[in-house]
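Each chain, written out:
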Amino acid sequence: MVDWDATFTEYGYSSLPSCRRPRVIYICDKCGKSQSIVVRAKSTIDMPWFCHSCVCKSQQFKDKMRQSMNQVDCKRRNSAASVAKWRNPAYRAKVSTACAAIWKSPVFREKMAILLASPEIKAKMSAANTAKWQNQKYKERMAAARATQIGHISSIQNTLYTYLDELKIDYYREGEQTCIGYYSFDCMVPNKNGKKLLIECQGDYWHSINTVQQNDRSKFGYINRYFPEYEIMYVWEHEFYCKDRVLDRLKLKLGVDIETHDFDFLDLQIKVVSFSEVKTFLDLYHYLGKDRGGKAYGVFLGDLLIAVMVFSPPLRQNTAGQFGLVDGEVRELSRLCIRPSYHKKNFASWFIKRVLRSMSCRLVIAYADTTVGHNGTIYRASNFKLHHIVPADYWYVDKRGYVMHKRTLYGHARSLKMTENEFAEAKGYQKKYGGEKLCFIKMLADKEMPQNRTDKICH
């Protein structure tokens, strides 16, 4: 009902005035809460008055709203309005700023921590999540949505796609073609010995979580039971860190080999390459990856990068002093890598000789790791001299004989917040000893930059 005493005190009138939209103070007939409201021309004063909260709690209002929201036209209008709103950069920035401000509040974070730690809340969230994922329509909808996502491809997926391109294999990347039933897969090879091959890239951390492992088992069982024309192949993240392991598995599974491309050295161009190009290339093709920084050179055949070489400051202290030089006069050839399908006789030595002509240092050091079968043939062909042998150290090898360098394993274990031994035990790697390193050196003479087109290095 209308509280005329409060209305007179607030607005100065005790009956409905003649103005167009007067305000009155009313008392909710259900909860007794006092609020201000605008009375429109067609409104009736003598009627039940309910506050917004009480109206929304009424079953009649809920039924009416549910019926309205289920109408197709209403859903389309709401969806279109929501899409238009979120496409507005100003709105997204506003929401992002507001959310950041809320989460920066210590009081809010403390409340959320207490709320989420409650056993009742945990049980409700778990039950709701379980019920949601047991709904087949929801699974299908989520699989379709995930399959159409843009920009959510992981680094190991990109590595897998590059390997398949190298092998000249026809395949589908994650998308609509890899959506089987209500599950989506990372890759699908359409023709593999009469079956279709589904390839899943498994991140070591994410797919070690119990709930995710349970979902992986359900995913495998679903395909195995209802889609016998498909076969699933799992590739784990740590396998990409073993030299040629994933590539060998793909070649064996698909029954193919890498096609070697022939080219003329006159068609090649050497350039200084950026860190992003080096990072991607070495992650794909070098057994130690991109860990060493320094100045990088690349060989291009047209627009395609086919080889990379990185020169870094020496890791060991007083390396320059051992040769009577000062820091800055010694560089280590820390990475030399050629794309697998572009290996060619004398290519590596050709690359090394032309890059060394542009180097400003006086001494270059290079190490050949016998652990992975390197014996320094390339360095000898480039007139390097064997200076000394680094004593044997340990590395890691799995049951199939694939090698992972100790620094690679240590770095990966650290990223997963595990010790080196814990990671090795969990992934089935054993410590092996016996691999020596051969240290080669080459003194550089001062020479002018070559003018020949094929020798020119572009900066």
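Quantities reported herein were computed from a predicted structural model and do not represent experimental measurements. (Residues numbered from 1 in each chain as written. Predicted model: local features only at pLDDT ≥ 70, side-chain atom pairs only at ≥ 80, totals over all residues. Heavy atoms only, no water.)

**Focus on helix H16 (residues 406–415)**
- Where H16 is concerned, the buried positions are Thr408, Leu409, His412 and Ala413. Relative to the axis of H16, the buried residues are bounded by an arc of 130° and lie together on one face. In this structure, H16 carries Arg414 and Ser415 as exposed residues pointing more than 90 degrees from its buried face.
- Packed against the buried residues of H16 are strand E14 (385–397), strand E15 (403–404) and helix H17 (420–427).
- In the stretch just after H16, Lys417 is the one whose phi turns positive, near 60°. (Buried < 20%, exposed > 50% of the residue type's maximum accessible area, 1.4 Å probe, protein only. Helix = DSSP H or I, 4+ residues; strand = E, 2+ residues; numbered from the N terminus. Arc of directions from axis to C-beta. Contact = heavy atoms within 4.5 Å.)

**Description of the confidence of the model for the protein chain**
- The predicted model of the protein chain averages 80 in pLDDT, with 89% of residues at 70 or higher.
- Scored below 50 in pLDDT, residues 447–455 makes 12 contacts in the model with residues more than four places away or belonging to other chains. (pLDDT = per-residue confidence, 0-100.)

**What about the pairing of strand E13 (residues 363–369)?**
- Across the seven residues that make up E13, a large majority, seven, are buried.
- By the alternation rule, side chains of E13 split into Leu363, Ile365, Tyr367 and Asp369 and Val364, Ala366 and Ala368, which are all buried.
- Bridge count between strand E12 (residues 330–338) and E13: three bridges; the pairing is parallel. By the bridge assignment for E13, Glu332 is matched with Ile365.
- Crossover handedness for the path E12 to helix H14 (residues 347–356) to E13: right-handed. (Pairing = 2+ DSSP bridges. Right-handed = clockwise from strand over helix to strand, strands pointing away.)

**Observations regarding the pattern of salt bridges**
- In this structure the tally under the stated criterion is eight salt bridges.
- Between Arg339 and Glu166 there is a salt bridge whose closest N-O contact spans 2.9 Å. Taken together, the residues span a long stretch of sequence, with Arg339 in the loop between E12 and H14 and Glu166 in helix H9 (residues 155–166) at a distance of 173 residues.
- Using a relative accessible area of 8% as the deciding quantity, one classes Glu166 as buried.
- Put simply, Lys251 and Asp248 hold a salt bridge, and the shortest N to O gap is 3.8 Å. Taken as a pair, Lys251 and Asp248 lie in helix H11 (residues 245–254) at a separation of three residues, close to a single helical turn.
- Asp248 sits in the partly exposed class, given a relative accessible area of 28%. (Salt bridge = Lys/Arg side-chain N within 4 Å of Asp/Glu carboxyl O.)

**Regarding the nonpolar core**
- Grouped together as the largest cluster of nonpolar side chains are 32 residues, with contacts concentrated most on Leu160, Leu164, Ile199, Phe240 and Leu250.
- Residue assignment for this core shows that the elements contributing at least two residues are H9, strand E6 (187–192), strand E7 (195–202), strand E8 (230–236), H11, helix H12 (275–285), strand E10 (295–301) and strand E11 (304–312).
- If sequence neighbours within four positions are ignored, Ile199 has contacts with Leu160, Asp186, Cys187, Val189, Met233, Val235 and Leu250.
- In this structure, Val299, Tyr342, Trp350 and Phe351 belong to the second largest nonpolar core, which totals 30 residues. (Core = buried A, V, L, I, M, F, W, Y, C linked by side-chain atoms within 4.5 Å.)

**As for a positive patch on the surface**
- A cluster of basic residues, Lys30, Lys33, Lys57 and Lys62, forms a positive patch on the protein surface.
- Tracing the chain through its elements places Lys62 in helix H3 (residues 59–69).
- Judged by its relative accessible area of 36%, Lys62 falls in the partly exposed class. (Patch = residues over 30% accessible without salt bridge, like charges linked within 9 Å, V, L, I, M, F, W, Y side chains within 5 Å. Areas by Shrake-Rupley, 256 points an atom, 1.4 Å probe, with all protein chains shown as cover. Lys, Arg positive; Asp, Glu negative; His and termini not counted. Charge placed at Lys NZ, Arg CZ, Asp CG, Glu CD.)

**Describing the environment of Thr319**
- Position of Thr319 among the secondary structure elements: in helix H13 (residues 319–322).
- For the pair Thr319 and Arg331, spaced 12 residues apart in the sequence, the C-alpha separation amounts to 9.7 Å.
- Discounting residues that sit within four places of it in the chain, Thr319 has contacts with Pro314, Val330 and Ile365.

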